Amino acid sequence: MHIDFILLIKSLTTGFIAGVVFSLLKLPIPAPSEFASIVGILGVFLGLMAVRFFIH
């Protein structure tokens, strides 16, 4: 498994900027607003990675 740290940094930066802009404009953010939802998304991703690791 190869992790592209540059892509991760770009993704985090883009998300941060979007969060700031949406917050300043007082708009609802286009992402889960609760931490439990974010952890659920992480769980889905980890499940995907587990299947790829053991099956492919």
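Predicted, not measured: the structure shown is a model, and the values here were computed from it. (Residues numbered from 1 in each chain as written. Predicted model: local features only at pLDDT ≥ 70, side-chain atom pairs only at ≥ 80, totals over all residues. Heavy atoms only, no water.)

Student: Looking at this structure, how should I read the packing of aromatic side chains?
Tutor: In this description, an aromatic ring pair is defined by two values, namely the gap between the centres and the angle between the planes. Using the criterion set out here, one finds one aromatic pair in the structure. With a centroid separation of 4.9 Å and an interplanar angle of 85 degrees, the aromatic rings of Phe53 and Phe54 are classed as edge-to-face. For the residue pair Phe53 and Phe54, the accessibility class agrees, reading exposed in each case. (Phe/Tyr/Trp six-rings, centres within 6.5 Å; stacked < 30°, edge-to-face > 60°. Buried < 20%, exposed > 50% of the residue type's maximum accessible area, 1.4 Å probe, protein only.)

Student: Any chance you could explain unusual backbone geometry here in plain terms?
Tutor: A negative phi angle is the norm for most residues apart from glycine, just as the trans form is the norm for most peptide bonds. Unusually for a residue other than glycine, Lys26 sits at a positive phi of about 55 degrees. As for its placement among the helices and strands, Lys26 is situated in the loop between helix 1 (5-24) and helix 2 (35-55). In this structure Lys26 comes out as exposed when scored by relative accessible area, which is 74%. (Helix = DSSP H or I, 4+ residues; strand = E, 2+ residues; numbered from the N terminus.)

Student: What is the right way to read helix 1 from this model?
Tutor: Each turn of an α-helix holds 3.6 residues, which means side chains three or four residues apart point in the same direction. Here helix 1 is 20 residues long and its end C-alpha atoms lie 28 Å apart, about the 28 Å a rise of 1.5 Å per residue gives. Residue Asp4 occupies the N-cap position of helix 1, its side-chain oxygen lying 3.3 Å from the main-chain nitrogen of Ile6. Lys26 sits one or two positions beyond helix 1 and adopts a positive phi of about 55 degrees. (Expected span 1.5 Å × (residues − 1). Polar contact = N/O pair within 3.5 Å; in protein donor to acceptor, adjacent residues only side chain to side chain.)

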